[in-house]
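# Residue-level structure breakdown
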Amino acid sequence: MQVIGVIGAGLMGNGIAHVAALAGYDVILSDVALDRAQAAVRTIEKNLGRGVSKGIVAADAVTPALARITVTTDSAAFAAADLVIEAATESEPIKLKIFAGLVPHLKADALLATNTSSISITRLAAATDRPERFTGLHFFNPVPLMTLVEIIPGLATSDATKAAMHAFATKIGKTAIEAADAPAFIVNRILCPMLNEAIFALGEGVGSVLDIDAGLKLGANHPMGPLTLADFVGLDTLLSIMRVMQDATGDPKYRPAPLLVKYVEAGWFGKKSGRGFYDYSGETPTPTR
Ligand code: CAA
Ligand code: NAD
């Protein structure tokens, strides 16, 4: 594999493009509008610079990595790709539309992957012309710093595709685990109900935003409190994941916290929109309730 396509240039897409380009792959990055993909490249440049300051990226690797990334809005550009990773909004209709527009342009032997947090890999794969060449390839935010990827084979995924995904994960410096194609896979199945529970606790007045976050940071040694992490993941994304888990299992234990629904209804999506359980407009984030 030499050319990696990344569809969706948001929080995750820019991180996936970042690590692929740094590992020496040519990267084609797309979004619905060119300025979004261009903004993602500026974010990658900033984050590569942070990597250099932290001593985890070689200073002379930055310019060549950036030069390997091209941006587009045209699905036809993915004709050159050996592997395309879909990392667009967590919505099944959006993802299905992307695959429908993409597959006519792909090389016959190109591999396809989705970075979905929760949606059935088997169902997404079945909507393409190549379910045997399709997997879940689930990265963690922020991609340049988080070392895990989950590889999720669908029912039809071939052993050769699985092996290629393991090799790709190794080449980009990640540790892979394999998860079955169950709603939200391994990590999110456990993590997202915890974040949702923190929002229930906030809504019920069990603790303030700051006390809930301090509680889990200091009492469970989590690097970020759950409300900070929910804002960091994106409240729209977290709500979509909870709804997928609830719909797929019918189990009421996965019902989204009413306050999470309210925040998303308000357009308060967390850090990426400037406001969630914290307001990010000032020097330091301040609680919004
Ligand atoms: N590239 C990209 N982002 C970077 C970065 C780099 N090289 N270096 C730092 N960051 C980002 C952080 O996200 C954060 O953002 P801002 O400064 O813009 O506010 C900031 O930089 C933090 O910088 P620090 O230097 O303080 O970072 P750190 O080295 O102390 O560690 C962290 C930050 C690794 C993110 C740590 O806080 C952590 O582990 N948090 C928990 C993250 C987590 O749980 N992620 C999984 C979320 S769930 C998921 O991803 C799956 C899903 O499907 C929802
Ligand atoms: P995001 O909201 O930051 O970005 C999504 C991007 O997809 C946006 O830039 C949007 O314009 C773009 N997009 C929407 N429709 C598109 C289309 N038709 N073609 C191309 N681009 C399109 O979301 P995100 O956090 O980057 O999440 C992306 C995917 O990664 C989701 O499936 C999400 O569940 C998953 N994921 C998210 C996290 C996280 O912590 N945020 C972690 C792992 C996986």
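Residues numbered from 1 in each chain as written. Chains lettered and ligands numbered in written order. Predicted model: local features only at pLDDT ≥ 70, side-chain atom pairs only at ≥ 80, totals over all residues. Heavy atoms only, no water.

### Some points on the sheet that holds strand S1 (residues 3-7)
Convention followed: Strand pairing is defined by DSSP finding a minimum of two bridges between the two strands. In DSSP terms, a helix is any run of H or I states spanning at least four residues, a strand is any run of E spanning at least two, and both are numbered starting from the N terminus. Angles run from 0 to 180 degrees between N-to-C directions of axes, and those axes are lines fitted to C-alpha atoms, restricted for helices to the stretch in contact. Throughout, a contact is declared for two residues whenever any of their heavy atoms are within 4.5 Å.
Here eight strands make up an open sheet; going across it, the order is S3-S2-S1-S4-S5-S6-S7-S8 and the pairing mixed. The open sheet is flanked by strand S3 (69-72) and strand S8 (175-178), the only strands paired with a single partner. Between one strand axis and the next, the sheet turns through 25° on average, direction left out of account. Contacts between helix H1 (residues 11-22) and the sheet are confined to S1, strand S2 (26-30), S3, strand S4 (83-86) and strand S6 (134-139), with S2 contributing the most and set at about 170° to the helix. Sheet contacts for helix H2 (residues 34-54): S2 and S3; angle to S3, the most-contacted strand, approximately 160°.

### Re the site of ligand 1
In plain terms, the rule: Put simply, a residue is near a molecule or strand once any heavy atom of it comes within 4 Å of that molecule or strand. Throughout this description, a polar contact denotes any pair of N or O atoms lying within 3.5 Å of each other; where both atoms belong to protein, one of them has to be capable of donating a hydrogen while the other can accept it, and for residues adjacent in sequence the pair is counted only when both atoms sit in side chains. Using the Shrake-Rupley algorithm and a 1.4 Å probe, accessible areas are obtained, with residue cover drawn only from the displayed protein chains. All amino acids are sorted into three groups, where Ala, Val, Leu, Ile, Met, Phe, Trp, Tyr, Cys and Pro are nonpolar, Asp, Glu, Lys and Arg are charged, and the leftover types, Gly among them, are polar. Domain extents, as shown, originate in an automatic or database domain assignment.
Close to ligand 1 lie 19 residues; Arg50, Ser117, His138, Asn188 and Lys271 are nearest. Within the contact set of ligand 1, a nitrogen atom lies 3.0 Å away from a side-chain nitrogen or oxygen of lysine 54. At a separation of 2.5 Å, an oxygen atom of ligand 1 approaches a polar side-chain atom of lysine 271. Protein chains bury 71% of the 1100 Å² of accessible surface belonging to ligand 1 in isolation. Listing elements by their share of the shell around ligand 1, those giving two or more residues are H2, helix H7 (187-203) and helix H9 (226-233). Across the shell around ligand 1, the residue classes tally to 11 nonpolar, five polar and three charged. Structurally, the shell around ligand 1 is a two-domain feature, drawing no fewer than three residues from each of domain 1 (3-178) and domain 2 (188-277).

### Considering the environment of alanine 167
Summarising the element assignment, alanine 167 is placed in helix H6 (residues 159-171). Residues alanine 167 and valine 6, spaced 161 residues apart in sequence, show a C-alpha to C-alpha distance of 18 Å.

### What to know about a nonpolar patch on the surface
Where we set the bar: Put simply, a patch holds well-exposed residues, over 30% relative accessible area, that have no salt bridge, with like charges counted together within 9 Å and Val, Leu, Ile, Met, Phe, Trp or Tyr side chains within 5 Å. When a carboxyl oxygen of Asp or Glu lies within 4 Å of a side-chain nitrogen of Lys or Arg, that pair is called a salt bridge. Whether a residue is buried, partly exposed or exposed follows from its accessible area with a 1.4 Å probe, protein chains only, as a fraction of its type maximum: under 20%, in between, or over 50%, in that order.
Residues Ile56, Leu145 and Met146 make up a contiguous nonpolar surface patch of roughly 280 Å² in combined accessible area. Structurally, the position occupied by leucine 145 is in the loop between S6 and strand S7 (148-153). Judged by its relative accessible area of 45%, leucine 145 is partly exposed.

### What about the pairing of S6?
Buried residues dominate S6, accounting for six of its six residues. Neither face of S6 is open: one carries Phe134, Gly136 and His138, the other Thr135, Leu137 and Phe139, and all of them are buried. As paired elements, strand S5 (residues 111-114) and S6 share three bridges and run parallel to each other. Residue pairing across strands places alanine 113 opposite threonine 135, the latter belonging to S6.

### What to know about the nonpolar core
Going by this rule: By convention a nonpolar core is built from buried Ala, Val, Leu, Ile, Met, Phe, Trp, Tyr and Cys residues, the set being connected through side-chain atoms within 4.5 Å.
Counting residues in hydrophobic clusters, the biggest one holds 37 residues, and the most contacted among them are Leu29, Leu83, Ile85, Leu137, Phe139 and Phe168. With six residues, the top contributor of residues to this core is H1.

### Structural notes on the pattern of salt bridges
The full count for this structure, using the stated rule, is 10 salt bridges. Among the salt bridges present, the one from aspartate 129 reaches arginine 130, with a minimum N-O distance of 2.8 Å. Among the residues examined, aspartate 129 registers a relative accessible area of 45% and is labelled partly exposed. On the accessibility criterion, arginine 130 (4% relative accessible area) is buried. For lysine 272, the salt bridge is made with aspartate 236, and the minimal N-O distance between the two is 3.0 Å. With lysine 272 in the loop between helix H11 (258-265) and strand S9 (278-279) and aspartate 236 in helix H10 (residues 235-249), the pair connects residues that are 36 residues apart, well separated along the chain. By relative accessible area, lysine 272 is classed as partly exposed at 43%. A relative accessible area of 18% places aspartate 236 in the buried class.

### Some details on the packing of aromatic side chains
What counts, and what does not: Between 30 and 60 degrees the pair is tilted, below 30 it is stacked and above 60 it is edge-to-face, where a pair is any two Phe, Tyr or Trp rings, Trp via its six-membered ring, whose centres lie within 6.5 Å. Whether a charge sits over a ring depends on NZ of Lys or CZ of Arg being within 6 Å of the ring centre and within 35 degrees of the ring normal.
Applying the stated rule across the entire model yields five aromatic pairs. Ring centres of tyrosine 263 and tryptophan 268 lie 5.1 Å apart, and the angle between their planes is 90°; on these two criteria the pair is classed as edge-to-face. With relative accessibility at 4%, the residue tyrosine 263 sits in the buried group. For tryptophan 268, a relative accessible area of 27% corresponds to the partly exposed category. Over the aromatic face of tyrosine 25 sits the side chain of lysine 171, whose NZ or CZ is 4.3 Å from the ring centroid. The cationic tip of arginine 275 hangs over the ring face of tryptophan 268; the distance from NZ or CZ to the ring centre is 4.3 Å.

### Comments concerning the domain arrangement of the protein
A common measure of how large an interface is: the accessible area buried when the components associate. To keep it simple, the criterion reads: What counts as buried area is the accessible surface, traced by a 1.4 Å probe, that two parts surrender upon association, with contributions from both included.
Entries for the protein in the domain assignment read domain 1 (3-178) and domain 2 (188-277). Taking only C-alpha atoms, the centre of domain 1 and the centre of domain 2 are 26 Å apart. The interface is formed by eight residues belonging to domain 1 together with eight residues belonging to domain 2. Between domain 1 and domain 2, the buried area comes to about 720 Å², and carbon and sulfur atoms account for 63% of it.

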